[in-house]
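Structural overview for review
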Amino acid sequence: MKCSASRITNSYFLMPKSLKMLLGRKETDPTQEQFRNGTKNAKLVKINCAGEIFVTTETSLSRYPDTLLGNPARRAEYLDTSTGHLYFDRHQELFSAILYFYQSPGTFRPPETIDPVVVEEELDFFDIDLARMIANYEAEEAAKNVPVPPTLTQRINQSITDPSYSKFSMVWGGIDLLCILTTISMLVIETIPDYQKHFDDPFGTPLVPYKIMIYGIDVFINLFFSLDLLIRFSTWPNKRKFFAKPLNIMDILAVAPFYVELVVFITTRGLPPPQFFALKVLRVPSLLPSFVFFS
């Protein structure tokens, strides 16, 4: 015997109404589709169980080839050549449940009035080892659910975009947050008329050290933003979808004034119109993820 009577009781009668979640095939299974559509093109198999004729299809039985009914060579030993039917002198009422196991597929619901020992004997005869089938199914599902380690590209992207991913991510997110707040503060201060002169050409004559320091801070911040943007773009799974995210577009526009200023300064030795700096405010929405994490 494959299972004890107590295990039969615990596994079959006290389980939910159906074992289909464990043993059943997906609804897209072509054999299940054929079962729903009838037996128009299926080869019929007639089975005489203790005087009652049961009819099923070759397709249904072949779902479980390791069992007696699922193996054509093994079940041929029970062929009654005079009628062309398979003949089994077995428990007639329980055989309906066994046959439905193939047809459902995977649902086994024996009548509760039948002794568990009888159920065990019938399953053993037809070589239907439900415990083994369940174990195999669970092993297959466990293998499918084994987490796939992230690729290097995915790890880099997570490190840049998720402050909770690692200690490095937390430091990176902290620097990003600090740069954002500094940029916004400088932008606000620059709009105050009395302070605008402090943001004039840092390389004018005479040289003013604190202006050079302010410009150096602005350069560092924009280079950091540019590096962050470049890494996110290079590690983004789908480059086209990268430009579909509004925050990414805002980040691009946020660093654009710096490079406009740089080009204008190199080509004309002057500063661009102040309106270009207003684009930096577009960096504000990207503050939210870091702000939420660090708060």
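Keep in mind that what you see is a predicted model, and the values were worked out from it rather than measured. (Residues numbered from 1 in each chain as written. Predicted model: local features only at pLDDT ≥ 70, side-chain atom pairs only at ≥ 80, totals over all residues. Heavy atoms only, no water.)

1. Details of helix H7 (residues 116-125)
- Those residues of H7 not exposed but buried are Val119, Glu120, Glu122 and Leu123. With its buried residues spanning 165° around the axis, H7 presents them on a single face.
- Capping the start of H7, aspartate 115 holds a side-chain oxygen 2.9 Å from the backbone nitrogen of valine 117, two or three residues further along.
- A positive phi of about 55° marks aspartate 127, the residue just after H7. (Buried < 20%, exposed > 50% of the residue type's maximum accessible area, 1.4 Å probe, protein only. Helix = DSSP H or I, 4+ residues; strand = E, 2+ residues; numbered from the N terminus. Arc of directions from axis to C-beta. Polar contact = N/O pair within 3.5 Å; in protein donor to acceptor, adjacent residues only side chain to side chain.)

2. A few points about the sheet that holds strand S2 (residues 52-57)
- Pairing in this open sheet of four strands is mixed, and the strands run S2-S1-S4-S3 from one edge to the other. Only two strands of the sheet have a single neighbouring strand rather than two, namely S2 and strand S3 (79-80).
- As paired elements, strand S1 (residues 44-49) and S2 share six bridges and run antiparallel to each other. Note on S2: the bridge partner recorded for asparagine 48 is isoleucine 53.
- The strands that helix H6 (residues 92-103) touches are S1 and S2; relative to S2, the one it contacts most, it runs at about 5°. (Pairing = 2+ DSSP bridges. Contact = heavy atoms within 4.5 Å. Axes fitted to C-alpha atoms, helices over the stretch in contact; angles between N-to-C directions.)

3. Focus: the confidence of the model for the protein chain
- In the predicted model, the protein chain carries a mean pLDDT of 77, and the fraction of residues at 70 or more is 76%.
- Here helix H1 (residues 5-13) stands out as the least confident element of the protein chain, with mean pLDDT 41; strand S4 (residues 85-88) is the most confident, with 94.
- Scored below 50 in pLDDT, residues 1-35 shows 81 contacts in the model against residues more than four places distant or in partner chains. (pLDDT = per-residue confidence, 0-100.)

4. Describing the pairing of S1
- If you look at the hairpin formed by S1 and S2, you'll find two residues sitting between the two strands, and alanine 50 has a positive phi there, around 55°.
- In this structure, S1 lies alongside S4, joined through three bridges in parallel fashion. Residue pairing in the sheet places isoleucine 47 in a bridge with leucine 86 of S4.

5. Comments concerning the packing of helix H10 (residues 167-190) against helix H11 (residues 209-234)
- Following both chains from N to C, one finds H10 and H11 inclined at 130°, their axes separated by 10 Å at the closest point. Overall, the two elements H10 and H11 adopt an arrangement that is oblique. Viewed along their axes, H10 and H11 form a crossing whose handedness is left-handed. Listed contacts from H11 to Trp172, Ile175, Asp176, Cys179, Ile180, Thr182, Thr183 and Met186 of H10 are Ile214, Ile217, Asp218, Phe220, Ile221, Phe224, Phe225, Leu227, Asp228 and Ile231.
- Of the residues assigned to the contact of H10 with H11, the class counts are 13 nonpolar, two polar and three charged. (Parallel < 35°, antiparallel > 145°, perpendicular 65-115°, else oblique. Left-handed = near helix turned anticlockwise from the far one by under 90°. Nonpolar A, V, L, I, M, F, W, Y, C, P; charged D, E, K, R; others polar.)

6. Thoughts on the pattern of salt bridges
- Counted under the stated rule, the structure contains six salt bridges.
- Across the pair aspartate 228 and arginine 232 runs a salt bridge whose closest N-O atoms are separated by 2.8 Å. Taken as a pair, aspartate 228 and arginine 232 lie in helix H11 at a separation of four residues, close to a single helical turn.
- A salt bridge links aspartate 251 to arginine 232, with the shortest nitrogen-to-oxygen separation between them at 2.7 Å. Of this pair, aspartate 251 sits in helix H13 (residues 246-268) while arginine 232 sits in helix H11, placing them 19 residues apart in sequence. Just as aspartate 251 is buried, arginine 232 falls in that class too.
- Through salt bridges with shared partners, one network takes in Asp228, Arg232 and Asp251. (Salt bridge = Lys/Arg side-chain N within 4 Å of Asp/Glu carboxyl O.)

7. Considering the side chain of threonine 57
- With respect to the secondary-structure elements, threonine 57 resides in strand S2.
- Judged by its relative accessible area of 8%, threonine 57 is buried.
- One polar contact links threonine 57 to serine 60, side chain to side chain, over a distance of 2.9 Å.

8. Quick look at unusual backbone geometry
- Residue alanine 50 is not a glycine yet carries a positive backbone phi of 55°.
- By the element assignment, alanine 50 lies in the loop between S1 and S2.
- For alanine 50, a relative accessible area of 32% gives the class partly exposed.
- Backbone geometry at aspartate 127 places phi at a positive 55°, although glycine is not the residue there.
- Here aspartate 127 is to be found in the loop between H7 and helix H8 (130-144).
- By relative accessible area, which is 17% here, aspartate 127 ends up buried.

9. Concerning a nonpolar patch on the surface
- A surface patch of nonpolar side chains, about 360 Å² in accessible area, is lined by Leu223, Tyr259, Leu262 and Ile266.
- Take the nonpolar patch: its biggest share by element is three residues, from H13. (Patch = residues over 30% accessible without salt bridge, like charges linked within 9 Å, V, L, I, M, F, W, Y side chains within 5 Å. Areas by Shrake-Rupley, 256 points an atom, 1.4 Å probe, with all protein chains shown as cover.)

10. Some points on the environment of phenylalanine 88
- With respect to the secondary-structure elements, phenylalanine 88 resides in strand S4.
- Phenylalanine 88 gets classed as buried once you look at its relative accessible area, which sits at 1%.
- Between the C-alpha atoms of phenylalanine 88 and glutamate 52, which are 36 residues apart in sequence, the distance is 9.9 Å.
- With sequence-adjacent residues up to four places away left out, phenylalanine 88 is seen in contact with Ile47, Asn48, Cys49, Ala50, Leu68, Leu69, Tyr78, Phe125 and Phe126.

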